[in-house]
Amino acid sequence: MSVSTAALDPSVCAPLPVLGQDVTVPLVTGGEVTYAALDYAASAPALQRVWDDVAAYAPYYGSVHRGAGYLSQLSTDLFENSRRTVAEFLGCRPEDQVVFTRSTTDSLNLLAAAIPANCQVFVYETEHHASLLPWRNAQVTYLNAPRTPGQAVETLERALADRDPYGPALVCVTGASNVTGELWPVKELAAAAHAHGARIVLDAAQLAPHHPVDIAELDVDWVAFSGHKLYAPFGSGVLAGRADWLQAADPYLAGGGASRKVARRADGGVDVDWHTTAARHEAGSPNVIGVYSIASACKALTEAGFDNLVAREQELVSRVREGLAEVPEVQVLSLFGDDAPRVGVISFVVRGWNSSHFAAAISAEYGIGVRDGLFCAHPLVRTLLGSDPQDPGECGAPEAEPGERSLNAIRVSFGAGTPDEHIDRFLRAVTELVREGAQWKYRTEDGRCVPDRGEAPQV
């Protein structure tokens with residue numbers, strides 16, 4: 001997969017309106033500044049279009065699939081139309097199912113519960129924990145971090161060649177790293193998986209908000225992603241793809257909605273006839289608001305022109321990377337090298353700085369929200385930092401004082417709603433912090449580096 005910006009003019013695509021654009025936050029040094037949200041990889045701000053659509057629907061909210069009343073019928077139509085919108089957004093094949101979940105993590109755990117017995121699962125150590133950890137009841141082969149896209153394909157082909165050729169197998173791979181932003185060769189990995197009789201699931205949590213995803217074109221078997229990274233709040237996710245394993249598996253949750261018919265037996269037990277549609281794995285009252293918000297975001301990104309959104313984001317990526325390259329103390333983390341295509345997710349470390357201290361200072365003194373830690377991808381970050389895989393470390397800051405070395409990194413991430421000013425302010429902040437130091441004193445509190453409110457500024 002590659003990102004091409006040829007013949008595209010980023011200037012024709014302004015940032016999409018998002019909630020929170022005018023929110024101001026206090027600076028520890030005094031005064032206020034408009035908040036620069038540069039933590040899109042964790043949760044992207046909601047598109048204004050999504051919020052407006054949800055607000056317009058909210059008075060008509062009703063329970064779906066059960067009620068005969070007008071609001072229930074309207075909500076049911078909206079819910080199922082949202083399913084069709086998502087299927088179109090993902091380029092689903094006619095026979096594919098779209099199952100609504102709570103998140104990418106929930107989607108992949110659902111699939112893990114649906115894989116056949118004795119299934120072999122192949123997953124790279126570079127994965128987010130959402131796709132690294134769910135396969136507890138399978139025979140799992142963890143693949144070492146590749147250093148080129150070609151090596152990723154070769155590593156997978158060797159592992160698949162050694163597997164039991166007669167049993168089911170599944171490959172799980174990210175589309176874009178939540179640490180480096182680098183794009184993975186999904187289409188080539190899918191071809192390798194299928195050539196060896198395996199299936200493949202794509203973790204598109206970081207890919208779908210930044211780049212078109214087409215299930216049929218990539219030839220993957222399933223795609224999982226989260227609404228809250230796709231500019232859609234309210235805690236919904238998607239698992240879309242082949243229906244057969246999902247139909248054959250026990251329902252992910254047992255309850256109303258998943259069951260088509262329930263009857264008592266003469267011996268006192270209960271017989272259940274489960275749905276074979278997506279409803280089989282959507283027991284309980286679904287998150288209609290969350291589902292609708294995902295569909296609204298899919299429409300908004302499509303109507304805005306995804307090609308132009310990609311082009312503008314690539315311009316921002318280039319500006320950030322070029323700006324960081326001008327600060328010798330900054331080391332940008334990468335698996336595939338400087339020329340690898342990537343989305344708006346960049347992680348780095350700063351020589352002489354504890355990552356938590358740097359992130360706290362850029363927030364408290366510049367009003368910029370970034371993230372520090374291991375980003376729920378512990379093995380990958382440790383590999384990129386050259387540390388031993390057994391070294392301690394947690395998501396979040398370690399118990400390290402400002403200035404001490406940590407095993408963590410700093411991540412800046414952005415997307416369709418990011419104004420140019422946020423990128424400019426971020427680069428200025430990095431340069432000033434490295435060259436001039438922080439203006440305030442900081443301390444560790446409950447594992448986080450925070451401004452010391454009892455201390456005077458260092459200036």
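Here's a quick rundown of the structure. Keep in mind it's a predicted model, so treat the numbers as computed, not measured.

1. What about the pattern of salt bridges?
For the coordinates displayed, the defined rule picks out 25 salt bridges. A salt bridge links Asp267 to Arg265; the nearest nitrogen and oxygen atoms lie 3.1 Å apart. By relative accessible area, Asp267 is classed as exposed at 61%. According to the relative accessible area criterion, Arg265 is partly exposed, its value standing at 33%. Notably, a salt bridge pairs Arg443 with Asp452, separated by 3.7 Å at the nearest N-O pair. Linked through salt bridges whose partners overlap, the residues forming this network are Arg312, Arg319, Asp420 and Asp424.

2. Regarding the environment of Gly227
Topologically, Gly227 is positioned in the loop between strand 9 (222-226) and strand 10 (237-241). As for Gly227 and Arg102, which are separated by 125 residues in sequence, their C-alpha atoms are 8.6 Å apart. If we ignore the near neighbours within four places in the chain, the residues touching Gly227 are Ala232, Ser236, Gly237 and Ile294.

3. Comments concerning the side chain of His210
Among the structural elements, His210 can be located in the loop between strand 8 (199-203) and helix 7 (215-218). Of the residues examined, His210 reaches a relative accessible area of 5% and is grouped as buried. Only 2.8 Å separates the side chain of His210 from the side chain of Glu313, close enough to count as a polar contact. For His210, the residues in contact, after removing those within four places along its chain, are Phe306, Val310, Glu313, Val343, Gly344, Val345, Phe414 and Gly415.

4. Focus: the sheet that holds strand 9
In spatial order, the strands read 4-10-9-8-7-5-6; together these seven strands make up an open sheet with mixed pairing. In the strand order of this sheet, the two ends are held by strand 4 (97-101) and strand 6 (139-143), each with one partner. Across the sheet, the mean angle from the axis of one strand to that of its neighbour is 20 degrees, orientation sign disregarded. Strand direction decides the pairing type here: strand 5 (residues 120-124) and strand 6, joined by five bridges, are parallel. Of the residues in strand 6, the one forming a bridge with Val121 is Val140. Those strands touched by helix 2 (residues 70-89) are strand 4, strand 9 and strand 10, and its axis lies near 115 degrees from that of strand 4. Of the strands in this sheet, strand 5, strand 7 (169-174) and strand 8 touch helix 6 (residues 186-195), which is tilted by about 155 degrees from strand 8.

5. Observations regarding the nonpolar core
Judged by nonpolar contacts, the single largest core of 85 residues is most densely connected at Leu90 and Phe225. Considering each element in turn, this core owes the most residues, nine residues, to helix 9 (residues 288-304). With near-sequence residues (within four places) excluded, Phe225 lies in contact with Val86, Leu90, Ser103, Thr104, Ser107, Ala204, Ala205, Ala208, Leu230, Gly237, Val238 and Ile294. Counting residues in each nonpolar core, the second largest holds 36 residues, with Val327, Ile346, Ile423 and Phe426 among its members.

6. Some remarks on the sheet that holds strand 17 (residues 409-413)
Spatial strand order, 13-14-17-16: four strands in an open sheet with antiparallel pairing. Among the strands making up the open sheet, the edge pair consists of strand 13 (330-332) and strand 16 (371-373). Looking at each pair of strands side by side, their axes are set apart by 35 degrees on average, direction ignored. Relative to strand 17, strand 14 (residues 345-350) is paired through four bridges, and the arrangement is antiparallel. Bridging across to strand 17, Ser347 finds its partner in Arg411.

Each value, and the rule that gives it
Per chain, residue numbering runs from 1 following the sequence as it is written. A pLDDT threshold of at least 70 governs which residues receive local features in this predicted model, and a stricter bar of 80 or more applies before side-chain atom pairs are shown or counted, although totals over entire chains, interfaces and linings include all residues. Neither water nor hydrogens contribute to the side-chain values; these are computed over all heavy atoms in the structure. A carboxyl oxygen of Asp or Glu within 4 Å of a side-chain nitrogen of Lys or Arg is what we treat as a salt bridge. Only protein chains enter the accessibility calculation, which uses a 1.4 Å probe; a residue is then buried when its area is under 20% of its type maximum, exposed when over 50%, and partly exposed in between. Each helix is a run of DSSP H or I of at least 4 residues and each strand a run of E of at least 2, with the numbering of both proceeding from the N terminus. Two residues form a contact once any of their heavy atoms are found within 4.5 Å. The definition of a polar contact used here is a pair of N or O atoms within 3.5 Å, where within protein one atom must be able to donate a hydrogen and the other to accept one, and adjacent residues in sequence count solely through side-chain atom pairs. Note on pairing: DSSP must find at least two bridges between two strands before they are called paired. Fitted lines through C-alpha atoms serve as axes, helices being fitted only where they are in contact, and the angles separating the N-to-C directions of these axes extend from 0 to 180 degrees. Take the buried Ala, Val, Leu, Ile, Met, Phe, Trp, Tyr and Cys residues and link them wherever side-chain atoms come within 4.5 Å; each set so joined is a nonpolar core.

Geometry only, nothing functional implied.
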